[in-house]
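# Survey of secondary and tertiary structure
Residue-level listing of the chains:
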Amino acid sequence: MASGCVKKVDPYRMFSKLKSLNAVAGACIPSLSQQKTYKTDIKAKVVNPRPLTVTRIYEKKVILKNAEAAAALAKEEELSDKKEKINVYKSFHRDIAEDNALKNPDFFKVKEMVDLHTLFKNRVHFGHHHGCRHPFVVPFLYGVRQNTDIFDLDKTLPRLHNALNFIAHMVYRGGVVLFVSRNAQTMPLVEHTAQKCGEYSHCRFWKGGLLTNIDYLYKNLTRYPDVVVFIHTQNNFSHEHAAITECAKMLIPTVGIVDSNCNPTLVTYPVPGNDDSLDAVKLYCKLFEETILRAKEYRKRDIEELSDDSDES
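Cut-off values and rules
Residues numbered from 1 in each chain as written. Predicted model: local features only at pLDDT ≥ 70, side-chain atom pairs only at ≥ 80, totals over all residues. Heavy atoms only, no water. Helix = DSSP H or I, 4+ residues; strand = E, 2+ residues; numbered from the N terminus. Buried < 20%, exposed > 50% of the residue type's maximum accessible area, 1.4 Å probe, protein only. Areas by Shrake-Rupley, 256 points an atom, 1.4 Å probe, with all protein chains shown as cover. Phe/Tyr/Trp six-rings, centres within 6.5 Å; stacked < 30°, edge-to-face > 60°. Lys NZ or Arg CZ within 6 Å of the ring centre and 35° of its normal. Core = buried A, V, L, I, M, F, W, Y, C linked by side-chain atoms within 4.5 Å. Contact = heavy atoms within 4.5 Å. Arc of directions from axis to C-beta.

### Comments concerning the overall build of the protein chain
A tally of regular secondary structure across the protein chain gives nine helices and 10 strands. Residue burial in the protein chain is summarised as follows: out of 313 residues, 35% are buried. Accessible surface for the protein chain amounts to roughly 20700 Å². Of this, 55% is attributable to carbon and sulfur atoms.

### Topic: the packing of aromatic side chains
In this structure the tally under the stated criterion is seven aromatic pairs. For the ring pair phenylalanine 107 and phenylalanine 108, a centre distance of 5.0 Å and an interplane angle of 85 degrees mean the geometry is edge-to-face. Just as phenylalanine 107 is buried, phenylalanine 108 falls in that class too. Relative to tyrosine 172, the ring of phenylalanine 108 lies with its centre 5.6 Å away and its plane at 70 degrees, an arrangement referred to as edge-to-face. Here phenylalanine 108 is found in the loop between helix 3 (99–103) and helix 4 (116–121), whereas its partner tyrosine 172 is found in helix 5 (residues 153–172), with 64 residues between them in sequence. Taken as a pair, phenylalanine 108 and tyrosine 172 share a single burial class, namely buried. Geometry around tyrosine 298 places arginine 301 over its ring, the cationic atom sitting 4.6 Å from the centre.

### Description of the nonpolar core
Considering soluble globular proteins, one finds that nonpolar side chains tend to be buried as a cluster. Phe108, Leu119, Phe179, Val229, Val255 and Phe288 are the most contacted members of the largest nonpolar core, which totals 41 residues. Within the residue set of this core, elements represented by two or more residues are helix 5, strand 6 (177–180), helix 6 (187–196), strand 8 (227–230), strand 9 (254–258) and helix 9 (278–312). Excluding anything up to four places from it in sequence, phenylalanine 179 contacts Val190, Ala194, Cys197, Glu199, Tyr200, Ser201, His202, Val229, Ile231, Phe288 and Ile292.

### Overview of helix 8 (residues 242–249)
Residues of helix 8 that are buried: Ala243, Ile244, Glu246 and Cys247. Taken around the axis of helix 8, the buried residues stretch over an arc of 165 degrees, which confines them to a single face. The inward-facing, buried residues of helix 8 abut strand 8 and strand 9. Where helix 8 terminates, the next one or two residues include leucine 251, which has phi positive at roughly 60 degrees.

This is the structure we're talking about:
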């Protein structure tokens, strides 16, 4: 053959040779991902050198039965979890006759607990220095005396009645009340008030996400409070309490004592008044305690009446 000449190759012949070589290589050295089986009359023979399990028909039936049993068990667990949640909800929300409580505007008689003279006597009308005034509190002020803001008690009294009436209705339906305060001077008083009326209090540092991220922090079936009562709506640094924002995000109603340097916009039931005087805080705690205990007494009475009627029928 002369130099520089290229030998002609038949493409059909070359393709047949490559095809035969691939078939031989695949039969001798099978790939890891591919498993070639050759069925015989007795059993299935696996060419792959790795040990493999041959699944027969009856084994597939057993697997299917086990899968069905596992699915049924999972459904039973879901139903049991739902029943548990329903039972927990019913333990707090029992059926009571609420028509009378809703028809009567003062069913719990909270207007008899406090009057204008009592508020004035306990120094509820005193605010902060007029230089610390929050612009949203201006509608609740009466004037300024000796550079100190004075609250209009004619506007404070009906808002206090509405707040007490709302708390009473929530407790009457089995609601949970959470008292929140960050003032070191009145902290023991707030905790003692919550303990006496059988409710809850949080007077320490508020950890962020305590309400908005409650599932991650506790990882159990946890119930949110039905109403949060703020004796002080600010923390130790005169900033807005973090719990107010979290309650607003979680749609939890709030009741708060709003001084002249506080923002009342995020509080559901703001009560404009003094939150620094010890006499005023004692009055608030006394009113909240009496309201909660009275609502629980009414609830117990109505439940007993309903149980007696059902026994007679």
